[in-house]
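# Structural description and commentary
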Amino acid sequence: MVSRKLESAINDQINAELWSAYLYLSMSAHFANKGLPGFANWFKVQFHEEQDHALKFMNYLISKGNKIELQPIKEVDTSWNSLLKAFEVTLHHERVVTSLINELVSIARSENDYASENMLQWFVSEQVEEEETAQSMIDALKLIGDNGFGVYTMDKELGQRKYTPLNTSTTTSGSE
Ligand code: FEO
């Protein structure tokens, strides 16, 4: 079992991951309504990935014989003034998630809970990727500015993104 303290913090993290999923689903719906199916697709893939993150944490707690306590998911915004703004919100949010993951690692470390620390390393690496991706979108959108053809081309490109289900089993390998 993991400690009650870590159990509670991971339950909070499950909620944070599900809130992330809800945020990205809302962004997907917003950009679908704006006639940008590629961006909508990109955020929908992100939505699925966040659900997988929640499941990965949940399966870990179950494997350890800990209790899952699902909490209410708070409301999310439903519109953004621009693509750039949405990705700035995304980057800011991912930085918050990174700090939450770091806090989980700190708890595991302070308790000499090496199994949990090992499980959490996957999320540490994932957060590096999440922040890099959001930053690269911001950089691309700043370059494009208000060039409609640039936005059109980027939308086409993002429409190609495919969801690859994550291995959410409790083994710490097999991360894709
Ligand atoms: Fe679950 Fe976007 O990190």
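Described below are features of the structure shown in this document.

## Points about the nonpolar core
Counting residues in hydrophobic clusters, the biggest one holds 24 residues, and the most contacted among them are Met 27, Phe 31, Phe 39, Phe 43, Leu 83, Phe 87 and Met 154. Counting residues per element, the ones that place at least two in this core are helix 1 (4-33), helix 2 (37-63), helix 3 (83-110), helix 4 (114-144) and helix 5 (148-158). For Met 154, the residues in contact, after removing those within four places along its chain, are Phe 39, Met 137, Ala 140, Leu 141 and Ile 144. One finds Leu 6, Ala 54, Met 119 and Trp 122 within the second-largest nonpolar core, a separate group that totals 20 residues.

## Some points on the environment of Gln 13
Within the fold, Gln 13 resides in helix 1. Apart from residues lying up to four places away in sequence, Gln 13 is in contact with Phe 57, Val 97, Leu 100, Ile 101 and Leu 104.

## Thoughts on a nonpolar patch on the surface
Residues Tyr 22, Leu 25 and Ile 73 make up a contiguous nonpolar surface patch of about 250 Å² in total accessible area. With respect to the helices and strands, the residue Ile 73 is situated in the loop between helix 2 and helix 3. For Ile 73, a relative accessible area of 39% translates into the label partly exposed.

## Quick look at the pattern of salt bridges
Taken as a whole and judged by the stated rule, the model has five salt bridges. The closest approach of N and O atoms between Arg 4 and Glu 7, which form a salt bridge, is 2.6 Å. Of this pair, Arg 4 and Glu 7 are both found in helix 1, three residues apart, which corresponds to roughly one turn of the helix. Residue Arg 4 is classed as exposed on the basis of its relative accessible area, which comes to 54%. Of the charged contacts in the structure, one is a salt bridge between Arg 95 and Glu 131, with a shortest N-O distance of 4.0 Å. One end of the pair, Arg 95, is in helix 3; the other, Glu 131, is in helix 4, and 36 residues separate them in sequence.

## Some thoughts on helix 5
Within helix 5, the full set of buried residues consists of Gly 150, Val 151, Met 154, Asp 155 and Leu 158. End-on, the buried residues of helix 5 take up no more than an arc of 135°, which puts them together on one face. The exposed residues of helix 5 that point more than 90 degrees off its buried face are Phe 149 and Glu 157. N-capping of helix 5 is provided by Asn 147, with a side-chain oxygen placed 2.9 Å from the backbone N of Phe 149.

## Side note on the packing of helix 3 against helix 4
Relative to each other, helix 3 and helix 4 sit at 165°, their axes nearing to 9 Å. Here helix 4 runs roughly antiparallel to helix 3, going by the angle between their axes. Note on packing geometry: the crossing formed by helix 3 with helix 4 is left-handed.

## Some details on the packing of aromatic side chains
Taken as a whole, this structure holds ten aromatic pairs when the rule is applied. Ring pairing ties together the aromatic residues Tyr 24, Phe 31, Phe 39, Trp 42, Phe 43 and Phe 87, which thus form one cluster. Directly above the aromatic system of Trp 122 lies the positively charged group of Lys 56, at a separation of 5.1 Å from the ring centroid. Its guanidinium or amino end placed over the ring of Trp 42, Arg 161 lies 4.6 Å from that ring's centre, counting from NZ or CZ.

## Some thoughts on the packing of helix 2 against helix 4
Angle between the axes and distance between the axes: these two values describe a pair of packed helices. Where helix 2 meets helix 4, the axes come as close as 12 Å, and the angle between the chain directions of the two elements is 170°. Compared by their axis directions, helix 2 and helix 4 come out roughly antiparallel. When helix 2 is examined against helix 4, the residues Phe 39, Trp 42, Gln 46, Glu 49, Glu 50, His 53, Lys 56, Phe 57 and Tyr 60 are found in contact with a partner set consisting of Ala 115, Ser 116, Met 119, Leu 120, Trp 122, Phe 123, Glu 126, Glu 130, Thr 133, Met 137 and Leu 141. A per-class count over the contact of helix 2 with helix 4 returns eleven nonpolar, four polar and five charged.

About the criteria used
- Residues numbered from 1 in each chain as written.
- Predicted model: local features only at pLDDT ≥ 70, side-chain atom pairs only at ≥ 80, totals over all residues.
- Heavy atoms only, no water.
- Core = buried A, V, L, I, M, F, W, Y, C linked by side-chain atoms within 4.5 Å.
- Buried < 20%, exposed > 50% of the residue type's maximum accessible area, 1.4 Å probe, protein only.
- Helix = DSSP H or I, 4+ residues; strand = E, 2+ residues; numbered from the N terminus.
- Contact = heavy atoms within 4.5 Å.
- Patch = residues over 30% accessible without salt bridge, like charges linked within 9 Å, V, L, I, M, F, W, Y side chains within 5 Å.
- Areas by Shrake-Rupley, 256 points an atom, 1.4 Å probe, with all protein chains shown as cover.
- Salt bridge = Lys/Arg side-chain N within 4 Å of Asp/Glu carboxyl O.
- Arc of directions from axis to C-beta.
- Polar contact = N/O pair within 3.5 Å; in protein donor to acceptor, adjacent residues only side chain to side chain.
- Axes fitted to C-alpha atoms, helices over the stretch in contact; angles between N-to-C directions.
- Parallel < 35°, antiparallel > 145°, perpendicular 65-115°, else oblique.
- Left-handed = near helix turned anticlockwise from the far one by under 90°.
- Phe/Tyr/Trp six-rings, centres within 6.5 Å; stacked < 30°, edge-to-face > 60°.
- Lys NZ or Arg CZ within 6 Å of the ring centre and 35° of its normal.
- Nonpolar A, V, L, I, M, F, W, Y, C, P; charged D, E, K, R; others polar.

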